[in-house]
Amino acid sequence: GSLVRTFTPFYFLVEPSDVLSVRGASVVLNCSAQCETAPRIEWKKDGTFLSLVSDDRRQLLPDGSLFISSVVHSKHNKPDEGYYQCVATVDSLGTIVSRTAKLTVAGK
């Protein structure tokens, strides 16, 4: 009865890519991770985890992608523009972090 630890594949199927958006548009940053145990997906923006619980504009889609319903962008308020990373965690295995995707909002 020796315990053999087998390698468990845990990887991204889809990673986010850079997005150019305009103010008021909706944006999807794609992310999907694969593992036998469903990974918990979280998102970081500019290195900080996003709290999506009470966020009425940003939501986590079932596949792990981040949906922004309406990009907010003004001279002094640019809460959506920045660098995003998808973070997938499986408790028994660890965490993987996607490539960084830049969301740029085009001016008028």
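Residues numbered from 1 in each chain as written. Predicted model: local features only at pLDDT ≥ 70, side-chain atom pairs only at ≥ 80, totals over all residues. Heavy atoms only, no water.

- In the annotation of an unreviewed UniProt entry, the protein chain is listed under the name NEO1 protein and assigned to Indicator maculatus.
- Taken verbatim from the UniProt record of the protein chain, the Sequence similarities (unreviewed entry) comment is "Belongs to the immunoglobulin superfamily. DCC family." (UniProt positions renumbered as here; feature names shortened; annotations may be inferred.)

### Quick look at the overall build of the protein chain
Line of reasoning, step 1. From N to C terminus, the protein chain includes zero helices and 11 strands.
Line of reasoning, step 2. Moving toward the C terminus, one meets the helices and strands of the protein chain in the order β-β-β-β-β-β-β-β-β-β-β.
Line of reasoning, step 3. Across its three principal axes, the protein chain shows a C-alpha extent of roughly 65 × 25 × 20 Å.
Line of reasoning, step 4. Taking all 108 residues of the protein chain together, 36% fall into the buried category.
Line of reasoning, step 5. A total of about 6,800 Å² of accessible surface is found on the protein chain, and carbon and sulfur atoms cover 51% of it.
Line of reasoning, step 6. Across the protein chain, the centroid of the 12 positively charged side chains sits 9 Å from that of the 11 negatively charged ones. (Helix = DSSP H or I, 4+ residues; strand = E, 2+ residues; numbered from the N terminus. Buried < 20%, exposed > 50% of the residue type's maximum accessible area, 1.4 Å probe, protein only. Areas by Shrake-Rupley, 256 points an atom, 1.4 Å probe, with all protein chains shown as cover. Lys, Arg positive; Asp, Glu negative; His and termini not counted. Charge placed at Lys NZ, Arg CZ, Asp CG, Glu CD.)

### Looking at the state of the cysteines
Linking two cysteines covalently via their sulfur atoms produces the bond known as a disulfide.
Line of reasoning, step 1. A complete count under the given rule lists one disulfide for this structure.
Line of reasoning, step 2. Across the disulfide from Cys-31 sits Cys-86; the S-S distance is 1.8 Å. Taking the sign of the torsion about the S-S bond as the criterion, the disulfide between Cys-31 and Cys-86, at about -70°, is left-handed. Of this pair, Cys-31 sits in the loop between strand 3 (27–29) and strand 4 (32–34) while Cys-86 is found in strand 9 (residues 82–90), placing the two residues 55 residues apart along the sequence.
Line of reasoning, step 3. Cys-31 supplies the cysteine sulfur nearest to Cys-35, a cysteine that is in no disulfide, at a spacing of 13 Å.
Line of reasoning, step 4. Here Cys-35 falls in the buried class, since its relative accessible area comes to 8%. (Disulfide = S-S within 2.5 Å.)

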